[in-house]
Amino acid sequence: MKKKHRAFLKWAGGKYNLVEPITALLPAGNKLVEPFVGAGSVFLNTDYPSYVLNDVNPDLIALFKFIKRRPQTFITDARKLFTAQTNSTEAYYALRQNFNDSNDAYERALLFLYLNRHGYNGLCRYNQSGGFNVPFGQYRKPYFPQAEIEIFAEKAQRATFTCMSFEKVFRRARKGDVIYCDPPYAPLSATANFTSYATTGFSLDQQHELARRAAHAAHKRKIPVLISNHDTDLTRLLYADADLQSLQVSRFISPKADGRTKVAELLALYTPNLAASNVISLAQVKRKVAP
């Protein structure tokens, strides 16, 4: 059995535990395109000739680019932030402030890794002013992921990193590519308030637009698309034009130790050879999820 590779970043919603079912559904192609790359678990555990890895978070993409270009220099510099002296409440909040005040891309990349490994649950969260605001995680000895960074850097030589909207990424895809989408997940509750949900940066309109573009890419441009999301009435409506596979995944859904529960995940595969039907209209979706 091929060894699985972990991402060097901790990442909410990371796909390490779903690598097998995802890779089993991904078709062969010349290039894997990921509009929502996150920490990169699918990238690390597939073997395409080339990759386009995109995210709207400029700090994440800048970090990946530095590691691709000069991994050993980055490792040497980042390791200095993983000491007993930097693993304290005072040090964490001082370094978090340094990150928020800095305009130096390399300094921000180093601190992004530090904050990811020392912050609470590896969360990546910014306030409305753009300031990173994840609290201190209080871990006994945060892990420095040197081996994982080196594996990422080697694989990244096949990758192009971009920071743009998913719509632009879809427009740039070409026949022969394969697209895998791991967007911010739709809420589990069908009656969730999408006004508040949109503050996470992905609205109901965007969920619908992603489904529309996936169907168009597959049926009109012959580019297969795989999307992962929660398995809900809403997502089944959105992805009615795809082959659907549901599975149960363990996930922490609360900060309490007993907060692990099984959550239904949906994998929606759009392929060129599926008979295309009309994607359900946004008005219909809104009626379906209205409280």
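Residues numbered from 1 in each chain as written. Predicted model: local features only at pLDDT ≥ 70, side-chain atom pairs only at ≥ 80, totals over all residues. Heavy atoms only, no water.

Student: Before we move on, could you go through the nonpolar core and cite the residues and values that matter?
Tutor: Among the nonpolar cores identified, the biggest contains 54 residues, and Phe64 and Phe74 are the most heavily contacted of them. It is helix H6 (residues 105–118) that provides the largest number of residues to this core, a total of eight residues. Residue-level mapping places this core at the junction of two domains, with at least three residues from each of domain 1 (18–56 + 164–270) and domain 2 (65–146). Residues contacting phenylalanine 74, with those up to four places away along its chain left out, are Leu63, Ile67, Tyr106, Ala109, Leu110, Leu113 and Ile149. Among the nonpolar cores identified, the runner-up in size contains 29 residues, and Val52, Val169, Ile179 and Ile227 belong to it. (Core = buried A, V, L, I, M, F, W, Y, C linked by side-chain atoms within 4.5 Å. Buried < 20%, exposed > 50% of the residue type's maximum accessible area, 1.4 Å probe, protein only. Helix = DSSP H or I, 4+ residues; strand = E, 2+ residues; numbered from the N terminus. Domains from an automatic or database assignment. Contact = heavy atoms within 4.5 Å.)

Student: Run through helix H5 (residues 89–101), naming residues and quoting values.
Tutor: Taking 1.5 Å of rise per residue, 13 residues should cover 18 Å, and H5 covers 18 Å from first to last C-alpha, within 8% of that figure. Regarding H5, the residues found buried are Ala91, Tyr92, Leu95, Arg96 and Phe99. Along the axis of H5, the buried residues cluster in a sector spanning 130°; they form a single face. Those residues of H5 that are exposed and aimed more than 90 degrees away from the buried face are Glu90 and Asp101. The inward-facing, buried residues of H5 contact helix H3 (58–69) and H6. (Expected span 1.5 Å × (residues − 1). Arc of directions from axis to C-beta.)

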